[in-house]
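If you want the building blocks of each chain, they are given just below.
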Amino acid sequence: MPAITVDDITTLRRLPLVDERTSQRRVRSVTTAPSGLEGEGFPVRRAFAGVDLAELDPFVHMDQMGEVEYAPGEPKGTPWHPHRGFETVTYMMDGIFEHQDSNGGGGVITNGDTQWMTAGAGILHIEKPPEHLIASGGLFHGLQLWVNLPKAEKWAAPRYQDLRGSEVRLLASPDAGGLVRIIAGDLAGERGPGDTYTPMTMIHATLAAGASIDVPWNPVFNALAYVLAGAGMVGVERIAVATGQLVVFGQGDAIKIQAADLQESRSPALEILLLGGRPIREPVAAMGPFVMNTRDELVQAFEDYQAGRLGQIPAMHAASTEPPGSN
């Protein structure tokens, strides 16, 4: 899992030590993501399955894509499909993924890159591995997060952000046993490159075996931690977690994470995604590729899609049109 890293972590600015009097967030729940298939058949873990939306707010959905080693001819993606009412965030740690949308956005992401697409009032897009990766096969590992938009922003014009791994802000833990990548939001005076409508923070941390970290956290944000790989303990309670598990934290000003002393050979470090955002606290009506506030708005979204009002597939891809997916 290369993502973005550095040769010498000790050269990075360190996270400040968290004051002992700081209110640490306690663990509210730990759930294990079930496995499934998405798009044309690539394997995913449904990270938020079984968790109340009120605990996730402002996030509504997340898939861990892979980790999978494809044989030649096996890599798969998604067909063209619509979205409205939220943002999709695709973060690639291993492998290569291509994006194209009906608003003219598009690009290729690989180790440590992120594509941030605001669907807003409506857009069509496609995500797939490039032809050369389909031919050769190879390692594939990423995630896609859906970030809700408040009612006032659901009709914003679509936009696309191509965030290079080299733009991500890097910090080290106080003892240099952990590498923190800030993809979006603020942490200890540093800001990630992602520009968000909904105030939020998205961080990918790597902790060496036995290393620990106290991450200062905005007290008005919720706090989630998802284990991408490896094993460790979370919270002041030191609750054990492993690959594919989601932690929901309660209130407080800091998050405590520790990597297990022993890691399996496939995952020599604890890889964990930290998410938090200011809750929107509005009704959520979600179905398939749309996230709105009411059922009537969902019906309107499907009607607008069928009438072609969410955009047109570029002519060069018109022959590959398929029914909308939910990714």
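Keep in mind it's a predicted model, so treat the numbers as computed, not measured.

Caption draft 1: Highlighting the overall build of the protein chain. In terms of regular secondary structure, the protein chain is built from three helices and 26 strands. By the compact-globule yardstick of 20 Å for 327 residues, the protein chain fits well, its C-alpha radius of gyration being 19 Å. Scored against the burial criterion, the 327 residues of the protein chain give a buried share of 54%. In the protein chain, 74% of the contacts between residues at least 6 apart in sequence involve partners at least 24 apart. Summing over all exposed atoms, the protein chain offers an accessible surface of approximately 13300 Å²; the carbon and sulfur share of this is 52%.

Caption draft 2: Highlighting the pattern of salt bridges. What the rule picks out here adds up to 16 salt bridges. Here Arg164 and Asp162 are joined by a salt bridge, their closest N and O atoms 2.4 Å apart. Classification of Arg164 by relative accessible area gives partly exposed; the value is 27%. Owing to a relative accessible area of 35%, Asp162 belongs among the partly exposed residues under this scheme.

Caption draft 3: Inspection of the sheet that holds strand β3 (residues 42-46) at higher detail. The strand order β2-β3-β4-β11-β6-β9-β12 describes an open sheet built from seven strands, whose pairing is antiparallel. In this open sheet, the two strands that pair with only one neighbour each are β2 (35-38) and β12 (159-163). Sheet twist, expressed as the mean angle between neighbouring strand axes with direction ignored, is 25°. Where strand β9 (residues 114-118) lies against β12, five bridges are found, and the strand directions are antiparallel. Within the sheet, the bridge partner assigned to Gln115 lies in β12 and is Asp162.

Caption draft 4: Structural context of the nonpolar core. Counting residues in hydrophobic clusters, the biggest one holds 32 residues, and the most contacted among them are Phe48, Met62, Leu143, Leu145, Met202 and Leu275. What Met62 contacts, discounting residues up to four positions off in sequence, is Arg45, Arg46, Ala47, Phe48, Leu143, Gln144, Leu145, Tyr226, Leu273 and Leu275. Grouped together as the second largest cluster of nonpolar side chains are 27 residues, Ile203, Val215, Phe221 and Leu274 included.

Caption draft 5: Representation of the environment of Arg14. In this structure, Arg14 sits in the segment before β1 (27-32). The class for Arg14 is partly exposed, based on a relative accessible area of 32%. The sequence separation of Arg14 and Ser136 amounts to 122 residues, and the corresponding C-alpha distance is 40 Å. Once residues within four sequence positions are removed from consideration, Arg14 is found in contact with Ala172, Ser173, Pro174, Asp175 and Ala176.

Caption draft 6: Representation of the sheet that holds strand β24 (residues 269-277) in the model. The seven strands are arranged β1-β22-β19-β24-β17-β14-β13 in an open sheet whose pairing can be described as antiparallel. The open sheet has two edge strands with one neighbour each: β1 and β13 (169-172). On average, adjacent strands in this sheet sit at an angle of 20° to one another, irrespective of strand direction. Of the pairings in the sheet, the one linking strand β19 (residues 224-229) to β24 comprises five bridges and is antiparallel in character. Each bridged residue has a counterpart across the sheet, and for Ala229 the counterpart in β24 is Glu271.

Caption draft 7: Spotlight on the environment of Met202. The residue Met202 is located in strand β17 (residues 200-208) in this model. Met202 gets classed as buried once you look at its relative accessible area, which sits at 0%. Measuring from C-alpha to C-alpha, the distance between Met202 and Glu38 comes to 23 Å, with 164 residues separating the pair along the chain. Setting aside residues up to four positions removed in sequence, Met202 forms contacts with Val89, Tyr91, Trp116, Leu143, Leu145, Arg181, Ile182, Ile183, Ala184, Leu273, Leu274 and Leu275.

Caption draft 8: Examining helix α3 (residues 295-306) more closely. The end-to-end C-alpha separation of α3 is 17 Å, in line with the 16 Å expected for 12 residues at 1.5 Å each. Of the positions making up α3, those classed as buried are Glu297, Leu298, Ala301 and Asp304. One side of α3 holds all its buried residues, which, seen down the axis, span an arc of 125°. What points out from α3, more than 90 degrees from its buried face, is the exposed set Arg295, Asp296 and Gln306.

Caption draft 9: Representation of the packing of aromatic side chains. Per the counting criterion, the structure on display carries three aromatic pairs. Consider the rings of Phe97 and Phe140, whose centres lie 5.1 Å apart with planes at 65°: the pair is edge-to-face. Of the two residues, Phe97 is situated in strand β7 (residues 97-101) and Phe140 in strand β11 (residues 138-148); the sequence distance between them amounts to 43 residues. Summarising the burial analysis for this pair, Phe97 and Phe140 share the class buried. When the centroid spacing of 4.8 Å and the interplanar angle of 90° are considered together, the rings of Phe290 and Phe302 count as edge-to-face. Note that Phe290 is positioned in strand β26 (residues 290-292) and Phe302 in helix α3, a separation of 12 residues in sequence.

Calculation criteria
Residues numbered from 1 in each chain as written. Predicted model: local features only at pLDDT ≥ 70, side-chain atom pairs only at ≥ 80, totals over all residues. Heavy atoms only, no water. Helix = DSSP H or I, 4+ residues; strand = E, 2+ residues; numbered from the N terminus. Rg over C-alpha atoms; globule rule 2.2 N^0.38 Å. Buried < 20%, exposed > 50% of the residue type's maximum accessible area, 1.4 Å probe, protein only. Contact = heavy atoms within 4.5 Å. Areas by Shrake-Rupley, 256 points an atom, 1.4 Å probe, with all protein chains shown as cover. Salt bridge = Lys/Arg side-chain N within 4 Å of Asp/Glu carboxyl O. Pairing = 2+ DSSP bridges. Axes fitted to C-alpha atoms, helices over the stretch in contact; angles between N-to-C directions. Core = buried A, V, L, I, M, F, W, Y, C linked by side-chain atoms within 4.5 Å. Expected span 1.5 Å × (residues − 1). Arc of directions from axis to C-beta. Phe/Tyr/Trp six-rings, centres within 6.5 Å; stacked < 30°, edge-to-face > 60°.

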